[in-house]
Amino acid sequence: MQNIDLTQDLESVVLGIDAFDDETELSAAHLHNALSLLHQVLGEGSWVGLYLATPARLILGPFQGTPACEKIAFGKGVVGECYSSEKTITVKDVTKRANYICCDATAKSEICVPMKKDGCLVAVLDVDLPYVHEYADKEVVAFEKIAAKLLRFC
């Protein structure tokens, strides 16, 4: 399969998130709508969501897609590795990844972005695609922009 460039679609999500107002009462609604927008541009079969940091583990937060793992230990799976390393992790083909946690058998590639607020890691943006995908540097930057924009509502 030919690799698809997601950058333009991801930049449209950034612009969409920027359009949300700053009404704090709507922060949760804005967060859900922003994730819905990201899910829409990535297409059917994609999964997008947040895993929220607690003192003991990561727990499932707002998401769009199929049901997902509700808790992930620090360091476990791509999400847990992202949290522990505090670095964005991309996985071209999850079927070839050691320490991968399969929540949805249709997922083929994954990107996880750590989200820091006031110097503290508060969440991980997790995105699964239903096809093998080599994430280009400009796509990684766009996903990181989206994660930074989402922090406005966390």
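Everything numeric in this text was worked out from a predicted model, so none of it was measured.

Basis of the calculations
Residues numbered from 1 in each chain as written. Predicted model: local features only at pLDDT ≥ 70, side-chain atom pairs only at ≥ 80, totals over all residues. Heavy atoms only, no water. Helix = DSSP H or I, 4+ residues; strand = E, 2+ residues; numbered from the N terminus. Rg over C-alpha atoms; globule rule 2.2 N^0.38 Å. Axes fitted to C-alpha atoms, helices over the stretch in contact; angles between N-to-C directions. Parallel < 35°, antiparallel > 145°, perpendicular 65-115°, else oblique. Left-handed = near helix turned anticlockwise from the far one by under 90°. Contact = heavy atoms within 4.5 Å. Nonpolar A, V, L, I, M, F, W, Y, C, P; charged D, E, K, R; others polar. Buried < 20%, exposed > 50% of the residue type's maximum accessible area, 1.4 Å probe, protein only. Pairing = 2+ DSSP bridges. Phe/Tyr/Trp six-rings, centres within 6.5 Å; stacked < 30°, edge-to-face > 60°.

### Section: the overall build of the protein
When its secondary structure is counted, the protein shows 4 helices and 6 strands. Reading the protein from its N terminus to its C terminus gives the helix and strand order α-α-β-β-β-α-β-β-β-α. Expected size for 154 residues packed as a compact globule is a radius of gyration near 15 Å; at 14 Å, the protein falls within 12% of this value. Considered along the principal axes of its C-alpha atoms, the protein spans approximately 45 × 40 × 25 Å.

### A short note on the packing of helix 1 (residues 7-18) against helix 2 (residues 27-42)
Remark: helix 1 packs on helix 2, axes separated minimally by 10 Å, with the N-to-C direction vectors making an angle of 160°. In this view, helix 1 runs roughly antiparallel relative to helix 2, as classed from their interaxial angle. Two packed elements cross with a definite hand, and for helix 1 against helix 2 that hand is right-handed. In this structure, helix 1 uses Asp9, Leu10, Ser12, Val13, Gly16 and Ile17 to contact helix 2, whose residues at the interface are Ala34, Leu37, Leu38, Val41 and Leu42. Among the residues making up the contact of helix 1 with helix 2, the classes are represented as 8 nonpolar, 2 polar and 1 charged.

### Describing the pairing of strand 1 (residues 47-53)
With 5 of 7 residues buried, strand 1 lies mostly within the body of the structure. Sheet topology places strand 1 next to strand 6 (residues 120-129); 6 bridges connect them, and they run antiparallel. Pairing of Leu50 across the sheet is with Leu125, part of strand 6. Pairing of strand 1 with strand 2 (residues 58-64), which is carried by 5 bridges, proceeds in the antiparallel orientation. In the sheet register, Val48 faces strand 2, and the bridge partner there is Gln64. Between strand 1 and strand 2, which follow one another and run antiparallel, lie 4 residues.

### Comments concerning the packing of aromatic side chains
Applying the stated criterion across every chain yields a total of 5 aromatic pairs. On the numbers, 4.5 Å between centres and 15° between planes, the contact of Phe74 with Tyr83 is stacked. On the accessibility criterion, Phe74 (29% relative accessible area) is partly exposed. Residue class for Tyr83 comes out buried when judged on its relative accessible area of 17%. Considering the side-chain rings of Tyr135 and Phe143, the 6.2 Å spacing of their centres and the 70° angle between planes classify their relative orientation as edge-to-face. Across the pair, exposure class does not vary: Tyr135 and Phe143 are buried alike. Taken together, the ring pairs in this structure connect Trp47, Tyr51 and Phe63 into an aromatic cluster.

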